[in-house]
Amino acid sequence: MAKVLMKGNEAIAEAAIRAGCRHYFGYPITPQTEVAAYMAKRMPKIGGTFLQAESEISAINMVYGVSSAGLRVMTSSSSPGVSLKQEGISYLAGSDLPALIVNVQRGGPGLGGIQPSQSDYFQATKGGGHGDYHLIVLAPASVQEMADLTVKAFDLADKYRMPAMLLADGTMGQMMEPVELPEECAHSVDKPWALTGTQGKREHNIINSLYLVPEQLEEKNLERYERYKTVERDEVMYEEYMLDDADVCVVAFGIAARVSKNAITAARAKGIKAGLIRPITLYPFPKDIIRKTAENVKGFVSVELSMGQMIDDIRLAEECKKPVTLCSRVGGMIPSPEEVLKAIEDMEGGKF
Amino acid sequence: MNSFKRVSLFAGHYGSGKTNLAVNYAIELKKHFYRVVIADLDIVNPYFRTKDSAELLEKAGIETVSPEFANSNVDLPALPSELYGVVQNRHRYAVLDIGGDDRGAYALGRFAPYILEENDFEMIYVANFCRPLTREPEEALEVMREIESAGGIPFTAIVNNTNLSHLTDEKTVAEGYAKSKRLADMSGLKLLFTSVEKRLAGNIDLENVFPIELQRKYYEIL
């Protein structure tokens, strides 16, 4: 398959279709609207369902319904819309239902703005909705990864019966790059728990998150956290960049990682040994590599489009062994390579 | 690249490269005419705009008209009143950057009567056959018809802007040229030119090659 030129948002939509997703429910919001627009064009041509719901809350509950029936399903939105979906996401997690939720983040809080942001990191990785649960959270840093990680998210969601989130940002959604689309795959994951009709041949299945007996609810939670342990052990993904001899380690995901790579090139040109850890899974967070790296570096620089959210996870991962500073812009602004370079230089020179 | 019309309109499928092309075309026009204005009519995409090239355009002495809220946090599809001046003041050569697909072309409707009455325009379909929903001339023709009925102005020309961003090579351009030719035949329109990034232009052995400079943001590199 030859490469095509796509927007990040379009790449998500096409990759989802190729991963066997035939049900999309959404509500338009900048900067993710192209996901819905693309689905509106494609789904009717392939016998799928595109539905613009009356609200984000409706859309996420439609996702619950389709997932209960054992089919691949997704919704997408941007920050304020994803806040509205949180109740439904908690219900998905509480019912052990796989689904894909895409958040193409914009500046917040509140209505905020339409320009890119990463300030929904806490919401994505620390719950967002109520109760003890995790989402698998994937952070793409190119249009190619928008496509590849969409497929990966569906696979992981099905494998662990967990909702997965693709946490992108406005630049990732809007940027155009050449992309090699994934092969079309027939979705054939065995889901014996799904509501597919008993035909009088088996006991009926129940999809539910309500447990009136506390012992049962506790057991459900414990069972779920056993699964999370497996996810944390087996599914961590990250990219290392010039890390081997690094004195300063930048940690950044998504668009911030791209800017950081430019800054690292500039730092190396000045003789400063800088490297990068780019988390691809934000949950499970790449704790081990950060802890190991702490033994060899002077400190870490967390580059984020937020007031500093991932920085907490870096500190927990390296057990506060080395200093961690924040280099960030917010409100739709993006740190420049020069700003990241300055943060690297300050860390190298012990000025923080 | 001859016989310029007073008004040049760039329309086409979402993400086909209209804004980039419009900016380069305005700079070319300025070499021939004293007053050139570029107007951004894109109410669909609040992210990539002619305003991103404001500095470049200003240096070239080109007047710009952009939606008041372009590049801000306001996602409001409002167009400024100066746009009437762009179509009504016939002393300036004008380049109009229209939003993608039929959704983008709706904004053109209210200016269409002035443009049609003056009848000195080129309505240009920007074709990029590397875009997944317009891989074939048949699909592009469908988009052309949708844009025409939304914007109220018939296309008069086609530009081959087929590209794969930094991965574009001679083969990409040549394949796009063949498909553009077919689209021209199917629609009965002329193929105005093939636009190619400057780094490649020297290697392209086609009629009417228009070398262009790309707008690129720093975070798009890598």
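Cut-offs applied
- Residues numbered from 1 in each chain as written.
- Chains lettered and ligands numbered in written order.
- Predicted model: local features only at pLDDT ≥ 70, side-chain atom pairs only at ≥ 80, totals over all residues.
- Helix = DSSP H or I, 4+ residues; strand = E, 2+ residues; numbered from the N terminus.
- Buried ≥ 20, exposed ≤ 12 C-beta atoms within 10 Å, placed from the backbone.
- Contact = placed C-beta atoms within 7 Å.
- Nonpolar A, V, L, I, M, F, W, Y, C, P; charged D, E, K, R; others polar.
- Domains from an automatic or database assignment.
- Pairing = 2+ DSSP bridges.
- Right-handed = clockwise from strand over helix to strand, strands pointing away.
- Core = buried A, V, L, I, M, F, W, Y, C linked by C-beta atoms within 7 Å.
- Axes fitted to C-alpha atoms, helices over the stretch in contact; angles between N-to-C directions.
- Parallel < 35°, antiparallel > 145°, perpendicular 65-115°, else oblique.
- Left-handed = near helix turned anticlockwise from the far one by under 90°.

## Points about the overall build of chain B
Tallying secondary structure elements over chain B gives eight helices and eight strands in all. In terms of overall dimensions, chain B has a C-alpha envelope of 45 × 40 × 35 Å along the principal axes. Taking all 222 residues of chain B together, the buried fraction comes to 45%.

## Brief notes about the interface of chain A and chain B
The figure often quoted for interface size is the accessible area lost as the parts come together. At the interface, 30 residues of chain A touch 20 residues of chain B. By residue number, the principal contributor to the side of chain A that touches chain B is helix α9 (residues 254-269) of chain A, which donates five residues. Looking at the side of chain A that touches chain B residue by residue, the classes come out as twelve nonpolar, ten polar and eight charged.

## As for the domain arrangement of chain A
Residues and elements named next belong to chain A. Taken domain by domain, chain A consists of domain 1 (4-188 + 222-234) and domain 2 (238-348). In this structure, domain 1 and domain 2 have C-alpha centres spaced 26 Å apart. Listed as interface residues are 26 residues of domain 1 and, on the opposing side, 22 residues of domain 2. If you list the elements that add at least two residues to the side of domain 1 that touches domain 2, you get α5 (121-125), β6 (136-138), β7 (163-169), α7 (170-174) and α8 (214-234). Among the elements that line the side of domain 1 that touches domain 2, the one with the most residues is α5, at four residues. The residue inventory of the side of domain 1 that touches domain 2, partitioned by class, reads 15 nonpolar, nine polar and two charged.

## What to know about the pairing of strand β7 (residues 190-197) of chain B
Residue and element names in this part refer to chain B. As paired elements, strand β6 (residues 157-160) and β7 share four bridges and run parallel to each other. Counted as the bridge partner of Ala157 is Lys190 from β7. You can see the chain leave β6, run along helix α7 (residues 170-187) and come back into β7, and the turn it takes is right-handed.

## Let's talk about the nonpolar core
If you look at the biggest cluster of nonpolar residues, it comprises 164 residues, and the most contacted ones within it are Leu100, Val250 and Ile344 of chain A together with Ala26 of chain B. For this core, the element with the most residues is helix α6 (residues 143-160) of chain A, which contributes ten residues. Among the domains, domain 1 (4-188 + 222-234) and domain 2 (238-348) of chain A are the pair contributing at least three residues each to this core.

## A closer look at the environment of Gln309 of chain A
Residues and elements named next belong to chain A. Along the chain, Gln309 falls in the loop between β13 (299-304) and α11 (310-317). Judged by C-beta crowding, with 22 C-beta atoms within 10 Å, Gln309 ranks as buried. For the pair formed by Gln309 and Ala16, sequence separation is 293 residues and the distance between their alpha carbons is 29 Å.

## Considering the packing of α9 of chain A against helix α12 (residues 337-348) of chain A
All names here are of chain A. One can describe the packing of α9 onto α12 by two numbers: an axis separation of 8 Å at closest approach and a directional angle of 55°. In terms of their interaxial angle, α9 and α12 are classed as oblique. Where α9 crosses over α12, the handedness of that crossing is right-handed. Contacts between α9 and α12 involve Val259, Ser260, Asn262, Ala263, Ala266 and Ala267 from the first element and Pro337, Val340, Leu341 and Ile344 from the second. When the residues that make up the contact of α9 with α12 are grouped by side-chain class, the tally is eight nonpolar, two polar and no charged.

## Some points on the pairing of strand β1 (residues 7-12) of chain B
Residue and element names in this part refer to chain B. Burial within β1 is extensive, with six of its six residues counted as buried. Residues Val7, Leu9 and Ala11 point to one face of β1 and Ser8, Phe10 and Gly12 to the other, with burial holding for every one of them. One ladder, built from six bridges, connects β1 with strand β5 (residues 121-127); its direction is parallel. Each bridged residue has a counterpart across the sheet, and for Ser8 the counterpart in β5 is Glu122. Bridge analysis of β1 against strand β4 (residues 93-98) gives four bridges, and the strand direction is parallel.

## Things to note about the sheet that holds β7 of chain A
All names here are of chain A. The seven strands lie next to each other as β3-β2-β4-β5-β7-β6-β12, forming an open sheet whose pairing is mixed. In this open sheet, the two strands that pair with only one neighbour each are β3 (49-52) and β12 (281-283). Here the average twist between neighbouring strands, direction ignored, is 20°. In this structure, β6 lies alongside β7, joined through three bridges in parallel fashion. In the sheet register, Ile136 faces β7, and the bridge partner there is Ala164. The sheet contacts of α6 involve β5 (99-105), β6 and β7, and relative to β7 the element is tilted by about 160°.

## Remarks on the sheet that holds β13 of chain A
All names here are of chain A. What the five strands build is an open sheet, ordered β9-β11-β10-β13-β14; its pairing is mixed. With one partner strand each, in any of the chains shown, β9 (238-241) and β14 (324-328) form the two edges of the open sheet. Neighbouring strand axes in the sheet, compared pairwise and without regard to direction, differ in orientation by 20° on average. Sheet topology places strand β10 (residues 248-251) next to strand β11 (residues 274-279); four bridges connect them, and they run parallel. For Val250, the partnering residue across the bridge sits in β11 and is Leu276. The sheet contacts of helix α10 (residues 287-294) involve β9, β10 and β11, and relative to β11 the element is tilted by about 160°.

## Let's talk about unusual backbone geometry
Residues and elements named next belong to chain A. Across the junction of Gly108 and Pro109, the peptide omega takes the value 0°, indicating a cis bond. If you trace the backbone, Pro109 turns up in the loop between β5 and α5. Along the chain, Tyr283 connects to Pro284 via a cis peptide bond; the corresponding omega equals 0°. The residue Pro284 is located in the loop between β12 and α10 in this model.

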